[in-house]
Amino acid sequence: MHQEKKDQKILIVEDTAIQAELLRRILAKEGYDVFIARNGVRGLEAIRKNSPAIVVSDIVMPEMDGYEMCRRIKEDNELSHIPVILLTQLSDPKDIILGIEAKADSFITKPYNENHLLRQIESFFLTSQQNKSKITKNGLEIRINGDRHLIKADASYIFDFLLSMYNDTISQNRELLYAQRNLKKANDELKKNRDKLSVSEERYREQAMELEAKTSELEESRESFHNIVEKSADGVIVLDMDGKVNYINPAGASLLNKPREQIEGTLFGFPLSKDGLTEICLLGSKGKQKVAEMRVADIKWKKKDAQLASIRDISERREMENKSRQMQVKMLATNKMATLGEISVGIAHEINQPLTYIKSVIQGLHRDIKENSVDYGDLSKELKVSNRQINRIESIIQHLRTFGRAEDTIKIPVSIEEVLKNTILLMGERIRLKNIKLSNHIESKLPEISGNMNQLEQVFINLFQNSVSALKDRKENAEISVHVTQSEDRGSIITEIKDNGCGIDSEISDKIFDPFFTTKDVGEGAGLGLSIVYGIIKDHKGEIRCESINGKGTTFIIFLPVMK
C-alpha cells in the first residue's frame, strides 16, 4: 500500500456514481486525499471549500458541464492555478478546441488506462502549472469543419495541452494494437471453428440418417424404459389431474408401505406442489417414520394431462446432516472455549483493576472506622466509584456467561455496533496489554442485520486474535483499526478489520479459510478459526474477503446484508 499523500487533494467531478466511486478507489489506493462532486456547480463549491491540488472532471453533466466549470476555474484569479484534467470519449475534433478554449490542462480519453491516468496526475504534482493559462493579446485562430475558433492562450500552453493529448492518444493506440492482436487471434480461432463446423454439418447429416434408421427401435426401447422405472430405487407415481394414482412402481409402493393394488386407483393423499422439492413424512414398517423428498411435474400419460411425482427416501441423509450439524456445533464450542482461554489473561487483568480499587476503599474505610475519622462525604464518593467498578465487573462476567453458553441458530435483529462493543469488552484489555493501539470508526445510525449475536461476536474475536498474533513481532506502532460503514447501495453493512502486522504470503492467501490450515507453530492453533469465521458469515448470507501484503499488514472485509 502507498503512503498517504494528505496534502495532495484531488477533486473528482462526475455525475455517474459508479464511475466516480471507481475513480475514487483508484486514486485513494495511491494515497491521495479524494473527494467527489456530482456536477460543475457542486464542483466549484467543493473547490472553494477544500482547495484541491488537481480537478479530474467528466464533461457531460447536468446543471453545468465540465467545459463551463473548467472555464470558470481558469477565469478566477484565486482558482486559475489549479490543473484541470477532462475525461472524454473524444469523438469529435471540436472536443480538443473546446478543451483548449476552456483552458483545460489535459484530456484523458475514455475508457482510460489506469496507469496512464496516475502518471498524468503525478506529473502535475511534480511540474509547476502556474504559467499554462496566460492570455495573449491576439490569440490563435483555428478553423474546423468551417467553424472559426479564436484561442486566447499562450503557445506553450497549447503545446503542453496537445502534448498531453498526444501522450493519451499513444496510450490508447497501444491498447488498440493489443485489441487488434486479440481480434486477429479470435478471427483465426473462428476460422478453425468454421472448418470444424463444416465437418460437423456433414456428420450431422450422417447422424440424421442414422437417427431415421433407429426410429424403428424406439418402440422396443419403451419397454426397456418401463423396466428401468420398475427397478428404480426412487418412487415413481403417475396421477391424473384429480390426484388419483394411475401408476406406481415397486419402490413407491414400498415407501408408502402398501401393496400396489391398494394404491392404484385411489387418491394419493399428499399435496402436489410444483414449486421445486417438497419434504414429506412417511410411515415405514414397524411404525418407523421416514423423511422423503418429492418433486412433481406435468406430463402426458396415455395422451392425457397427468402429473408425475418422484419420491426419494432421504432419511439417512437427514441423519448424516444432523450429525454434521452437531459436529459443527461442537467445533464452534471448542473454538469458543479456546478463545476464552486465550483472552483469560486480559479479562483477569480487566477484572483485577476494579477489584484492587474496591479493596483499597474497604481497607481505608476499616482504618478510618478504627481511628474514628470517617469522612462521610469522601466515603460517599468512593462508594459511588466502587459501585461503578462492581457494575463493570458484573458486565464482563455476564457477557462471559452469554458468550460461553451453548450454541443456538436463532437469528434476531442485531446491531453490528453492539457486537463490536461486546467484542472489545472481552478483547480490549488483551490488546492493550500487547501495546497495540485499537481505533474504530463506526458510521452513525447504521441499520440492523438479521443474525446471531453470539456467532458474530465469535467472528470478530477470531479476527482480532489473528491481528494480535500478526503483530507479535512488531516492536512499535502496532495498530488494529475497525471501520464500519453502509454500502453505497444501502443493502449491506461493511466491516473492515485492519492491522499493520506481518501480512500473508500471496502463495497461501487462497488457503486461509480452509479447515485445519494454519501458519502458526505446533500447539498455537488448530487452523479452525478462519474456517469457522467463513462458515458463520456464509450462514448469515454474507461474504468475507482478505486483502494482504506480506510484511505490511492484512485487512479482512465483511459484507452482511441489511435486514429487510
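Residues numbered from 1 in each chain as written. Predicted model: local features only at pLDDT ≥ 70, side-chain atom pairs only at ≥ 80, totals over all residues. Heavy atoms only, no water.

1. Some words on helix α5 (residues 114-126)
Step number 1: An ideal rise of 1.5 Å per residue puts 18 Å on 13 residues; α5 measures up with 19 Å between its terminal C-alpha atoms.
Step number 2: Those residues of α5 that fall on the buried side of the exposure criterion are His-116, Leu-117, Leu-118, Gln-120, Ile-121 and Phe-124. (Helix = DSSP H or I, 4+ residues; strand = E, 2+ residues; numbered from the N terminus. Expected span 1.5 Å × (residues − 1). Buried < 20%, exposed > 50% of the residue type's maximum accessible area, 1.4 Å probe, protein only.)

2. Quick word on the sheet that holds strand β18 (residues 543-549)
Step number 1: With mixed pairing, five strands are arranged side by side in an open sheet as β14-β16-β17-β19-β18. For this open sheet the edge positions go to β14 (437-442) and β18, each flanked by a neighbour on one side alone. Averaged over neighbouring strand pairs, the angle between their axes works out to 10 degrees when direction is ignored.
Step number 2: Looking at chain direction, strand β16 (residues 479-486) and strand β17 (residues 492-499) are connected through seven bridges and run antiparallel. (Pairing = 2+ DSSP bridges. Axes fitted to C-alpha atoms, helices over the stretch in contact; angles between N-to-C directions.)

3. Concerning unusual backbone geometry
Step number 1: With phi around 70 degrees, Glu-63 is a residue other than glycine that occupies positive phi space.
Step number 2: Even without a glycine there, the phi angle at Asn-257 is positive, about 60 degrees.
Step number 3: For Asn-257, the location among the structural elements is in the loop between α7 (250-256) and α8 (260-263).
Step number 4: Accessibility expressed as a relative area gives 42% for Asn-257, which makes it partly exposed.

4. Digging into the pattern of salt bridges
Pairing of side chains with opposite charge becomes possible as their charged atoms draw close.
Step number 1: Counted by the stated rule, this structure contains eleven salt bridges.
Step number 2: Residues Arg-25 and Glu-21 are paired through a salt bridge, measuring 3.2 Å at the closest nitrogen-oxygen approach. One end of the pair is Arg-25 and the other is Glu-21, both in helix α1 (residues 17-29) and four residues apart, which spans about a single turn.
Step number 3: Between Arg-545 and Glu-543 there is a salt bridge, and its shortest N-O distance comes to 3.0 Å.
Step number 4: Accessibility expressed as a relative area gives 34% for Glu-543, which makes it partly exposed.
Step number 5: Sharing partners across several salt bridges, the network here consists of Glu-21, Arg-24 and Arg-25. (Salt bridge = Lys/Arg side-chain N within 4 Å of Asp/Glu carboxyl O.)

5. Concerning the packing of aromatic side chains
Step number 1: Summed over the entire model, instances satisfying the criterion amount to three aromatic pairs.
Step number 2: With a centroid separation of 5.5 Å and an interplanar angle of 15 degrees, the aromatic rings of Tyr-32 and Phe-125 are classed as stacked. With a gap of 93 residues between them, Tyr-32 in strand β2 (residues 32-37) and Phe-125 in helix α5 connect regions that are remote in the sequence.
Step number 3: When its relative accessible area of 23% is taken as the criterion, Phe-125 is described as partly exposed.
Step number 4: When the ring of Phe-268 is compared with that of Phe-270, the centres are 5.2 Å apart and the planes differ by 55 degrees; the resulting orientation is tilted.
Step number 5: Take Phe-268: its relative accessible area is 9%, and that puts it in the buried class. (Phe/Tyr/Trp six-rings, centres within 6.5 Å; stacked < 30°, edge-to-face > 60°.)

6. Describing helix α4 (residues 94-101)
What sets the pattern is the α-helix's 3.6 residues per turn: residues three or four places apart point alike.
Step number 1: Listed as buried for α4 are Asp-95, Ile-97, Gly-99 and Ile-100.
Step number 2: Once α4 finishes, Lys-103 follows within two positions and takes phi at roughly 65 degrees, a positive value.

7. Quick look at the nonpolar core
Step number 1: The biggest cluster of nonpolar side chains holds 36 residues, and the ones touching the most others in it are Ile-416, Val-459, Phe-460, Leu-463, Ile-480 and Ile-558.
Step number 2: Of all the secondary-structure elements, those providing two or more residues to this core are α11 (416-433), α12 (453-470), β16, β17, α13 (529-539) and β19 (553-561).
Step number 3: When residues of this core are assigned to their parent elements, the largest contribution, seven residues, is made by α12.
Step number 4: Leaving out residues up to four positions away in the same chain, Val-459 has contacts with Val-533, Ile-536, Ile-537 and Ile-558.
Step number 5: If you look at the next biggest cluster of nonpolar residues, it comprises 22 residues, including Cys-70, Ile-73, Ile-82 and Leu-86. (Core = buried A, V, L, I, M, F, W, Y, C linked by side-chain atoms within 4.5 Å. Contact = heavy atoms within 4.5 Å.)

8. Structural notes on the sheet that holds strand β10 (residues 278-283)
Either a parallel or an antiparallel arrangement is found when strands of a sheet pair, and the pairing is made through backbone hydrogen bonds.
Step number 1: Read from one edge of the open sheet, five strands run β9-β8-β12-β11-β10, paired in antiparallel fashion. Both outer strands of the open sheet, β9 (245-248) and β10, are each paired with one neighbouring strand and no more. Each adjacent strand pair in this sheet contributes to an overall mean axis angle of 30 degrees, direction not counted.

9. Thoughts on empty space enclosed by the protein
Step number 1: According to the stated counting rule, one finds one cavity of 30 Å³ or more in the structure shown.
Step number 2: Of the volumes computed, that of the largest cavity is approximately 40 Å³.
Step number 3: Ile-12, Glu-14, Gln-19, Ala-20, Leu-23, Leu-87, Lys-110 and Tyr-112 together form the lining of the largest cavity.
Step number 4: No other element matches α1, which puts three residues into the lining of the largest cavity. (1 Å grid on protein atoms, 1.4 Å probe; cavity = no way out; pocket = protein on both sides within 12 Å on 5 of 7 lines; lining within 4 Å. Points joined across faces, edges and corners; volume = space filled by probe spheres on them.)

10. Examining the confidence of the model for the chain
Step number 1: Per-residue confidence for the chain gives a mean pLDDT of 77, with 72% of residues at or over 70.
Step number 2: Of the regions scoring below 50 in pLDDT, residues 128-137 engages in 21 contacts with residues more than four places distant in sequence or in other chains.
Step number 3: Ignoring residues within four places in sequence, the model shows residues 521-527, a span with pLDDT below 50, making nine contacts including any to other chains. (pLDDT = per-residue confidence, 0-100.)

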